[in-house]
Amino acid sequence: MCSKVFMFLIGAVYVYYSVLAAEDVFIAELMLESNVTLEAQTILSVFSRTDDLEVIDKSGASHTVTLLQNELVADCLIVGDIFSCNCSDGYIWSNQVCYDYQCCRETTCTQNVSHIMPLCIAKVKVHINGSVILTESTWDSSKNTMLVTAFEGLNGFESLNVTVLRQGNSIADFEAAVSVKFDTSTLQSIITNLETQLKAVLWVDTEGMVTIESPEGAVCYLSSPELKCLFEEATGSAGWNMSKKHERFELNNGSVVKLNHNCSTPEYKSCVAVTLKNLTGIWTGTYECGFTRGSVRHIAKTQLSVALLPDEITLNINPLAVDCSEGDKSAIEVAITATILNSTENFDVWWSYMGEKKSELFNRSDGDHLVYDFTASVSCQKTMDAQYVMVTFKNKKEQEKSARVDIPVIYAGTQFCDEDDVNGEIWPKAPAGDTVINRTCAEGRVGYKSRTCEGTSWDLVFNYCISQELRKILNAADNFLKGLGASQNVALDIFNGLQNTTTFDSDASDTMAEITGSISVLYVMATASENVHLQEDVLPDFVSATSNILNKTWVGVNESTVHNMSSNYLQSVEGLVKNIKVNKTNEINSQNLELKLCSTRDCNVSAFDVSVNLNKTNGIMKTVAVKNLMDKLRNNFGQTTPTSLLLLATLEDNNDSSLEIKLDFPKEQLKANKPFCVFWNTTENDWSDAGCFVKTSDGNRTVCECNHLTSFSVLMAKGDVSTDVLDMITSVGLGVSICSLLIFLIIEYLVWSAVVRTNLSHFRHTALVNIAIFLLLADCSFLASTSPETLSDTWCLVFTLCKHLFFLAMFSWMLCMSVMLVHQLIFVFSPLRKRVFMFISSIVGYVCPILIVGSSYVYCKYTNTSYHDSTTCWLVFERLLEGSIHAFLLPVGTVILTNLFSMVVVIVTLVKSSVPDGNKTDDKETAKSILKVVVFLTPIFGITWIIGFAQLMLDADSPMFIVAQYSFTILNSFQGLLILLTGCFAEQKVREELLKLIMAKSKGKSESMKNLTSTAYTKDK
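Residues numbered from 1 in each chain as written. Predicted model: local features only at pLDDT ≥ 70, side-chain atom pairs only at ≥ 80, totals over all residues. Heavy atoms only, no water.

## Description of the environment of Glu360
Turning to its location among the elements, Glu360 is positioned in strand 24 (residues 356-360). With relative accessibility at 54%, the residue Glu360 sits in the exposed group. Once residues within four sequence positions are removed from consideration, Glu360 is found in contact with Val349 and Trp350. (Helix = DSSP H or I, 4+ residues; strand = E, 2+ residues; numbered from the N terminus. Buried < 20%, exposed > 50% of the residue type's maximum accessible area, 1.4 Å probe, protein only. Contact = heavy atoms within 4.5 Å.)

Laid out in structure tokens, this is it:
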């Protein structure tokens, strides 16, 4: 008896669901068995005449299907106990047939396998690439035979060739081909046996085992496509790589790359997908996914093409500014170039002026760039809106990208900055408010220089021409942040390159550009480290590079730029120290940074003589002490002086809900002596003392305790910094003083002719009016500068000059008044003439203050020292007899001592005049007279300011210091009110004359009412 078994692959079967009215496509195998010999073509012809079939699924449901395609997969001839089975062309024995029945080639199988499903499977091209790394010998022909023999055990084996021998024949690269997918465990078993036999290490990649899904054709620019790889087995790890010409990058999570490992299905137990956010041109390339299990990595590749647009369009104009201020011109021609990197995309390009399309553009090649040249006619007719030119690129997907350049125009009658030559570089004439960008850098450097025209004066040149090496590092860091090449090896290269480029042996302007670029690298890597875990291998180069950045003086840029740079530096260092994973490192030291680590529960470490103590339950404490940074950070924490050390503390792998850290800082010899424990508030970009307290402080150490971790330091003040209460007292007092002084001046104007009938009264009221005017101006300047952080440096300087000048003028007129009073008491019979008094007083009250302020400002400019402190809008105190503040303290101190002497002379004169009588009544009158003198003359002579000098000599920890601080604030902020009371209302003549004026007005109103009543009465009659 013989029978024949046929296996048919029904290639496409439509199953119609009457309820859902949907279509599903199935592939099925059909086995036919007959006890007579049948021809395959006979059976196939039966299928070709069959339209519909009834099939029953696993659940027992019946479906009507339409047969669309069929083909023969295998046939078996069985004669008694003799079996002869063959696979059709394009098919090969299944793995079960191969490994259980040893039928592994495309020859006839003589085993009883007809019952196996599937019997034959479609051929699939699977390529195997591997390396054999011999540990004890070199490669020879016997090892080649062993390798081939071992891989012949794979089902569907076709060939194996050793392609390359490397490193003295100790490494052999090979490639093999099979025509069927296999279990990883089968290949791993072969590799394990070979490693034992050859005493070697084998690594193998396969291609053809993994299913990859990717977009067909080019994707749109800035689109977010997804690529997915699926594998039937569960594996240990999975990932993606991207390669382009001569470059290969590992993909990790970043700003562009988003990996997804949670996409497996029951059919595909391993899955890894990657979504690429907002694609640009750099993402065109070959993408490779891989699943690793043991020594085997299964990979799949696909090509991703992006419909390109230029990532960067650089527009240059010549001239840099259009000068319409001279001559009668209606328009001026401007040459414009648009530059992009070479691209394989054929763009449609055109330019437009003020939104109006002009003409198409055609490129010329310039090395690695494409350049588009054209000329625009810029109107000289003044407009409120900026005149601009745009260049637009369109790709094959009809997407567009434009770049715009505003053309500065100097109109007739408007402000501008003249052409200027700085170190051989010409900065052309530019309109006020315009920033001129010069993209010409020295050889070996790339970037730009910019300069802003403020009014009619140029600002400092901002130089961002960095070395080409640093530009490469910055580009690598940017790619790392995106997720392109975000691996430990690339991070090592970035920090090593940064360490090499931060030696800064260039000139000052180039050094600032390098510092700015280096901080940008740190900032980018700190951001990237939140997605990619960096290992401790990068720490030595990281610490060295960050220390090098602080070696040079940061000059050539304005103060606000330095503040922003230092804040970014600190946040970057803190972020990297926090995110870099450590295992064996204990400490790393450099000139400006010391890194210490502690993994014990009770941590006690010291860095740059700053001791740190922290109790924790788990994790690793990382501390970094930093030098040469404190003076660069913004400090608006009252009138405090920064110390030289900053300490950063953070924890890795810790879950304590509450912490308390103790820091012991060395005391520094500064002019201030009251410490404040502070931390750097990254939200406000300034110091704060929230959660930090001074535990103890003596002449040598300051101990701080804080309930959180971040960057800590100690700020020093002469006494307690400004509080809300003091600020409120100051603001209210100044407001009251300003109103009081205005009332005083109005009263003086009304009663002037009546109260200055004698020379003595003329002298007195002239001095009082000048004192009131200058105190009013000084108070207004003080009130306007109570928030220095909101003022520009120029306005801060203006207010400092005003306060310096007006307060000195006020004290100068106080001096004139006190000297005049003493002269009248001592030289009774030699009265001072009016002309002499006015001449001397004008010199002392007007000329001397101007000379003192002007000479101190010029001296500071000449010696390149600071005249004002932009954090306080006041003069600078360095140390004893150093700093512009002495141009205020010394003259004011002299005036106060002189006025105090004058007051003593007045009191002594009063005492002497009452001595002859000697009765108690006269003693009481004398005491009253002395008290009146003290009360009346103290505000007018500025004696209250002596409390400020007392503050300088008091210990900040003394209770008297607080008393002096509040007394000084209250008395001097309300000084205008005191002058109104003592200089106006306390003088009898002024009161009488003011009363007369009030009565006269009242009487005038009464007479007017009488006249009005009389007139009305007459008319009624």
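Structure shown, so let's carry the discussion forward.
## Some words on the pattern of salt bridges
Going through the model one piece at a time under the given rule, you end up with 25 salt bridges. With a shortest N-O distance of 2.7 Å, Arg404 and Asp406 are connected by a salt bridge. With relative accessibility at 47%, the residue Arg404 sits in the partly exposed group. A relative accessible area of 39% places Asp406 in the partly exposed class. Residue Asp664 is joined to Arg701 by a salt bridge in which the shortest nitrogen-to-oxygen separation is 2.9 Å. Taken together, the residues Asp664 in strand 44 (residues 661-666) and Arg701 in strand 48 (residues 701-706) connect sequence positions 37 residues apart. Exposure remark for Asp664: the relative accessible area of 21% places this residue in the partly exposed category. Salt bridges here are not isolated pairs; linked through shared partners, they connect Arg248, Glu288, Arg297 and Lys301. (Salt bridge = Lys/Arg side-chain N within 4 Å of Asp/Glu carboxyl O.)

## Quick notes on the sheet that holds strand 13 (residues 226-231)
Taking strand neighbours across the sheet as the criterion, the four strands line up as 12-13-17-16 in an open arrangement whose pairing is antiparallel. Across the chains shown, the open sheet's two edge strands, defined by having one partner strand only, are strand 12 (211-213) and strand 16 (257-260). Neighbour-to-neighbour, the strand axes of this sheet turn through a mean angle of 15 degrees, independent of strand direction. When strand 16 meets strand 17 (residues 270-276), the two strands line up antiparallel, connected through four bridges. Residue Val257 lies in a different strand from strand 17, and its bridge partner there is Leu276. (Pairing = 2+ DSSP bridges. Axes fitted to C-alpha atoms, helices over the stretch in contact; angles between N-to-C directions.)

## Details of the sheet that holds strand 23 (residues 348-353)
What the four strands build is an open sheet, ordered 24-23-27-28; its pairing is antiparallel. Sheet topology places strand 24 and strand 28 (400-407) at the edges, where each strand pairs with a single neighbour. On average, adjacent strands in this sheet sit at an angle of 25 degrees to one another, irrespective of strand direction.

## Looking at the state of the cysteines
Inspection of the entire model under this criterion finds 13 disulfides. Linked covalently through their sulfurs, Cys76 and Cys85 form a disulfide whose S-S length is 2.0 Å. Because the torsion about its S-S bond is 120 degrees, the bridge between Cys76 and Cys85 counts as right-handed. Classification of Cys76 as buried rests on a relative accessible area of 1%. With its sulfur 1.9 Å from that of its partner, Cys87 forms a disulfide with Cys120. Of note, the bridge from Cys87 to Cys120 carries an S-S torsion of about -80 degrees and is left-handed in sense. Here the residue Cys87 occupies a position in strand 5 (residues 82-87), and Cys120 occupies one in strand 7 (residues 120-122), the gap between them amounting to 33 residues. The closest cysteine sulfur to the non-disulfide-bonded Cys739 is located on Cys780, 9.7 Å from its own sulfur. On the accessibility criterion, Cys739 (46% relative accessible area) is partly exposed. (Disulfide = S-S within 2.5 Å.)

## Here we look at unusual backbone geometry
The step from Met117 to Pro118 runs through a cis peptide bond, and the omega angle for that step is -5 degrees. Secondary-structure assignment places Pro118 in the loop between helix 2 (95-101) and strand 7. Put simply, Asn318 and Pro319 share a cis peptide bond, and its omega is 5 degrees. Mapped onto the secondary structure, Pro319 falls in the loop between strand 20 (314-318) and strand 21 (322-323). Phi is positive for Met354, close to 55 degrees, though the residue is something other than glycine. Within the secondary structure layout, Met354 lies in the loop between strand 23 and strand 24. Within the chain, Asn864 stands out as a residue other than glycine whose phi angle is a positive 55 degrees. Using a relative accessible area of 72% as the deciding quantity, one classes Asn864 as exposed.

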